[in-house]
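# Residue-level structure breakdown
Listed here are the chains, written in short residue letters.
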Amino acid sequence: MGNGDPMLYAALGAWFGLAGLIPILLLASLAGSMVGLYLKVKGQLREGGYVPFGPFLALAGWSAWLMPLPVWLQWPL
């Protein structure tokens, strides 16, 4: 996580509440790791390279905004 990622995560926490942070982080981490693994397999991500995490946090926040929070809280964690 870079310098702006914790601030974006805090803003998402202020918007969705404390209960919404775990599903948002889980979704962002899963999406980021899938894209990172895909880029690594395709050879487009070199050793020591990284994929920015902020867009995945924003995507997870947007999807949490589209899907009501009670649906998120029913996920078995």
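A brief structural summary. This structure is a prediction, so every number in the text was calculated from the model and none was measured.

The rules behind the values
Residues numbered from 1 in each chain as written. Predicted model: local features only at pLDDT ≥ 70, side-chain atom pairs only at ≥ 80, totals over all residues. Heavy atoms only, no water. Helix = DSSP H or I, 4+ residues; strand = E, 2+ residues; numbered from the N terminus. Buried < 20%, exposed > 50% of the residue type's maximum accessible area, 1.4 Å probe, protein only. Contact = heavy atoms within 4.5 Å. Areas by Shrake-Rupley, 256 points an atom, 1.4 Å probe, with all protein chains shown as cover. Salt bridge = Lys/Arg side-chain N within 4 Å of Asp/Glu carboxyl O. Core = buried A, V, L, I, M, F, W, Y, C linked by side-chain atoms within 4.5 Å. Patch = residues over 30% accessible without salt bridge, like charges linked within 9 Å, V, L, I, M, F, W, Y side chains within 5 Å. Axes fitted to C-alpha atoms, helices over the stretch in contact; angles between N-to-C directions. Parallel < 35°, antiparallel > 145°, perpendicular 65-115°, else oblique. Left-handed = near helix turned anticlockwise from the far one by under 90°. Nonpolar A, V, L, I, M, F, W, Y, C, P; charged D, E, K, R; others polar.

### A look at the overall build of the protein chain
Within the protein chain, the regular secondary structure consists of four helices and zero strands. When the helices and strands of the protein chain are listed from N to C terminus, the series reads α-α-α-α. Classification of the 77 residues of the protein chain by burial places 30% in the buried group. Within the protein chain, counting contacts between residues at least 6 apart in sequence, those at least 24 apart form 67% of the total. Accessible surface for the protein chain amounts to roughly 5400 Å². Of this, 72% is attributable to carbon and sulfur atoms.

### Quick notes on the pattern of salt bridges
Side-chain pairs of opposite charge can arise whenever the charged atoms involved come near each other. Under the criterion given, the structure shown has one salt bridge. A salt bridge links Lys40 to Glu47, with the nearest nitrogen and oxygen atoms 3.3 Å apart. Since its relative accessible area comes to 39%, Lys40 is described here as partly exposed.

### What about the nonpolar core?
For soluble globular proteins, the rule of thumb is that nonpolar side chains tend to be buried together. Counting residues in hydrophobic clusters, the biggest one holds 12 residues: Tyr9, Leu12, Phe16, Leu21, Ile24, Ala28, Ala31, Phe53, Phe56, Leu57, Ala60 and Ala64. When contributions to this core are tallied by element, the ones reaching two or more residues are helix H1 (5-16), helix H2 (21-42) and helix H3 (54-66).

### Digging into a nonpolar patch on the surface
On the surface, a nonpolar cluster with roughly 670 Å² of combined accessible area is contributed by Trp15, Leu59, Trp62, Trp65 and Leu66. No other element matches the four residues that H3 contributes to the nonpolar patch. Tracing the backbone shows Leu66 in helix H3.

### Comments concerning the packing of H2 against H3
Between H2 and H3, the shortest axis-to-axis distance is 8 Å and the interhelical angle comes to 130 degrees. Taken together, the axes of H2 and H3 are oblique relative to one another. When the axes of H2 and H3 are compared, the crossing they make is right-handed. Of the residues in H3, those touching H2 at Ile24, Leu27, Ala28, Ala31, Gly32 and Val35 are Phe56, Leu57, Ala60, Gly61, Ser63 and Ala64. Split into classes, the residues belonging to the contact of H2 with H3 amount to nine nonpolar, three polar and no charged.

### Quick notes on the environment of Leu59
One can find Leu59 in helix H3. Since its relative accessible area comes to 45%, Leu59 is described here as partly exposed. For Leu59 and Ala28, which are 31 residues apart along the polypeptide, the C-alpha to C-alpha distance reads 7.3 Å.

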